[in-house]
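Geometric and topological summary
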Amino acid sequence: MHVGVDSFVSAVTDPSTERVVGPAERVEHLLEEIALADTSGLYSFGIGEHHREEYYDSAPPVLLAAAAARTSRIRLGSAVAVLSAADPVRVFQQFATLDLVSKGRIDLVVGRGSFTEAFPLFGLDLADYDSLFAEKLDLLLRIRDSTHVTWSGRHRPPLTGQGVYPRPVQDPLPIWVGVGGTPESFVRAGLLGLPLMVAIIGGEPRRFAPLVDLYRRAGAEAGHPPEALQVGLHVFGYVGESVQSAADIIYPGWHQMFTAVSRERGFPTPTRAQFDATSGPDGAFFLGDPDTIAAKLRRVAGQLGGVDRLSLQMTNPRLAHADLLRGIELLGTEVAPQVADV
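Okay, so let's go over this structure. For clarity, every value in this text was computed on a predicted model and none was experimentally measured.

**Describing the overall build of the protein chain**
Check the secondary structure of the protein chain and you find 11 helices and 12 strands. Computed over C-alpha atoms, the radius of gyration of the protein chain comes to 19 Å, within 12% of the 20 Å expected from 2.2 N^0.38 for 342 residues, which places it in the range of a compact globule. On the principal axes, the C-alpha backbone points of the protein chain span a range of 60 × 45 × 45 Å. When each of the 342 residues of the protein chain is scored for burial, the buried share is 53%. For the protein chain, the exposed surface amounts to about 14200 Å²; the carbon and sulfur share of it is 55%. The averaged location of the 40 negative side-chain charges in the protein chain is 3 Å from the averaged location of its 30 positive side-chain charges.

Shown next, in the form of structure tokens:
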């Protein structure tokens, strides 16, 4: 199992001083985090895409380019790129260019996103939520497979053989499909033979086993070899010195973040009991000391029939920079070696 970090580049209030960290300082902190992930032995670092006040990740390729210039071995990627709201030609050009800058260290994870603010921002109709993604993924894969593309669809002007440049170092450029809990999304990824990144933000990870099975069966029936059908997990969590200290560090920001989302979506305000249940042995949240995290990763990998990649998302609006750096260091030096043979 390869282990990495994902970030949404959350706006942060320093918990010890109540000082709001400014955007430029927060981005500088992000680049320090990625540089440490590189030297700590982590496999990958992904940056999300949101168009909201509380996140600074609306332009992931720009941040990833800065990260590529400061690192030498870690793989860099999207977590996820909201393909439904983007032009596949530009997405491919941006990530192919990133692949050149990084000398072949880029993964492109595409999805529809868990928020919908990109649709009105870019003049898109939410009624086209499914068809936009399916059509744009088809075009993106055609561009990956051929420099000159002839293609037509509903949501974009046709291509009539134009060339799409530059071409990446990696051939083909790795493209993963980010999914939530919709069976159709798992089947589509399997039929296309694309690696799968499963976002687990609630419930119990073991409950995703039937969906991962569905993905693997669809891929096998479509004739794709097992090695092409990789499974990754994107999960929330934090690695601390102990289970209790990790919980104490993370809970205030968790409560702030999920309270805001719950209000938007009409859900009840989250409680400490929910946090503790979500952070427990069978919960979706991976939180604790290195040994606890490693044991949980091994258990979940067994429940899902194998996991190729784990990306721990430690975004939190009240997580001090020093604590985040420590969490990254522990993940790379103490957790990753324990699961390298899983």
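**Considering the pattern of salt bridges**
All chains considered together, the criterion is met by 21 salt bridges. One salt bridge connects Arg 272 with Asp 276, and the closest N-O pair in it is separated by 3.1 Å. Highlighted residues: Arg 272 and Asp 276, both in helix 9 (residues 272–278), separated by 4 residues, approximately one helical turn. Through salt bridges with shared partners, a single network forms among Arg 52, Glu 54, Glu 117 and Glu 264.

**Some remarks on helix 10 (residues 290–303)**
Between its first and last C-alpha, helix 10 extends 20 Å over 14 residues, near the 20 Å set by a 1.5 Å rise per residue. By the burial criterion, the buried members of helix 10 are Pro 290, Ile 293, Ala 294, Lys 296, Leu 297, Val 300 and Ala 301. When helix 10 is viewed along its axis, its buried side chains cluster within an angular range of 165° and face the same direction. Residues Asp 291 and Gly 302 are exposed on helix 10 and point more than 90 degrees away from its buried face. If you follow the buried residues of helix 10, they end up packed against strand 10 (231–239), helix 9, strand 11 (286–288), strand 12 (309–313) and helix 11 (321–339). With a side-chain oxygen lying 3.0 Å from the backbone nitrogen of Asp 291, the N-terminal cap of helix 10 falls on Asp 289.

**Re empty space enclosed by the protein**
Under the defined criterion, the tally for this structure stands at 2 cavities of 30 Å³ or more. Along its surface, the largest cavity is lined by Val 5, Asp 6, Ser 7, Arg 26, Glu 33, Phe 45, Met 314, Thr 315, Leu 324 and Ile 328. Elements with a minimum of two residues in the lining of the largest cavity: strand 1 (2–7), helix 1 (23–39) and helix 11. Of the residues forming the lining of the largest cavity, the biggest block, 3 residues, is contributed by strand 1. Considered class by class, the residues forming the lining of the largest cavity number 5 nonpolar, 2 polar and 3 charged.

**Concerning the pairing of strand 12**
Extensive coverage of strand 12 is indicated by the burial of 5 of its 5 residues. Side chains Arg 309, Ser 311 and Gln 313 project from strand 12 onto one buried face, and the interleaved Leu 310 and Leu 312 project onto a second face that is buried too. Bridge count between strand 1 and strand 12: 5 bridges; the pairing is parallel. Bridged to Val 3 within strand 12 is Leu 310. Sheet analysis places strand 10 next to strand 12, joined by 5 bridges and oriented parallel. Bridge pairing in strand 12 links Leu 233 to Leu 310.

**Some remarks on the environment of Ile 293**
If you trace the backbone, Ile 293 turns up in helix 10. Residues Ile 293 and Ser 58, spaced 235 residues apart in sequence, show a C-alpha to C-alpha distance of 30 Å. Those residues in contact with Ile 293, other than ones at most four positions away along the chain, are Tyr 238, Val 239, Phe 286, Leu 287, Gly 288 and Val 335.

The rules behind each value
Residues numbered from 1 in each chain as written. Predicted model: local features only at pLDDT ≥ 70, side-chain atom pairs only at ≥ 80, totals over all residues. Heavy atoms only, no water. Helix = DSSP H or I, 4+ residues; strand = E, 2+ residues; numbered from the N terminus. Rg over C-alpha atoms; globule rule 2.2 N^0.38 Å. Buried < 20%, exposed > 50% of the residue type's maximum accessible area, 1.4 Å probe, protein only. Areas by Shrake-Rupley, 256 points an atom, 1.4 Å probe, with all protein chains shown as cover. Lys, Arg positive; Asp, Glu negative; His and termini not counted. Charge placed at Lys NZ, Arg CZ, Asp CG, Glu CD. Salt bridge = Lys/Arg side-chain N within 4 Å of Asp/Glu carboxyl O. Expected span 1.5 Å × (residues − 1). Arc of directions from axis to C-beta. Contact = heavy atoms within 4.5 Å. Polar contact = N/O pair within 3.5 Å; in protein donor to acceptor, adjacent residues only side chain to side chain. 1 Å grid on protein atoms, 1.4 Å probe; cavity = no way out; pocket = protein on both sides within 12 Å on 5 of 7 lines; lining within 4 Å. Points joined across faces, edges and corners; volume = space filled by probe spheres on them. Nonpolar A, V, L, I, M, F, W, Y, C, P; charged D, E, K, R; others polar. Pairing = 2+ DSSP bridges.

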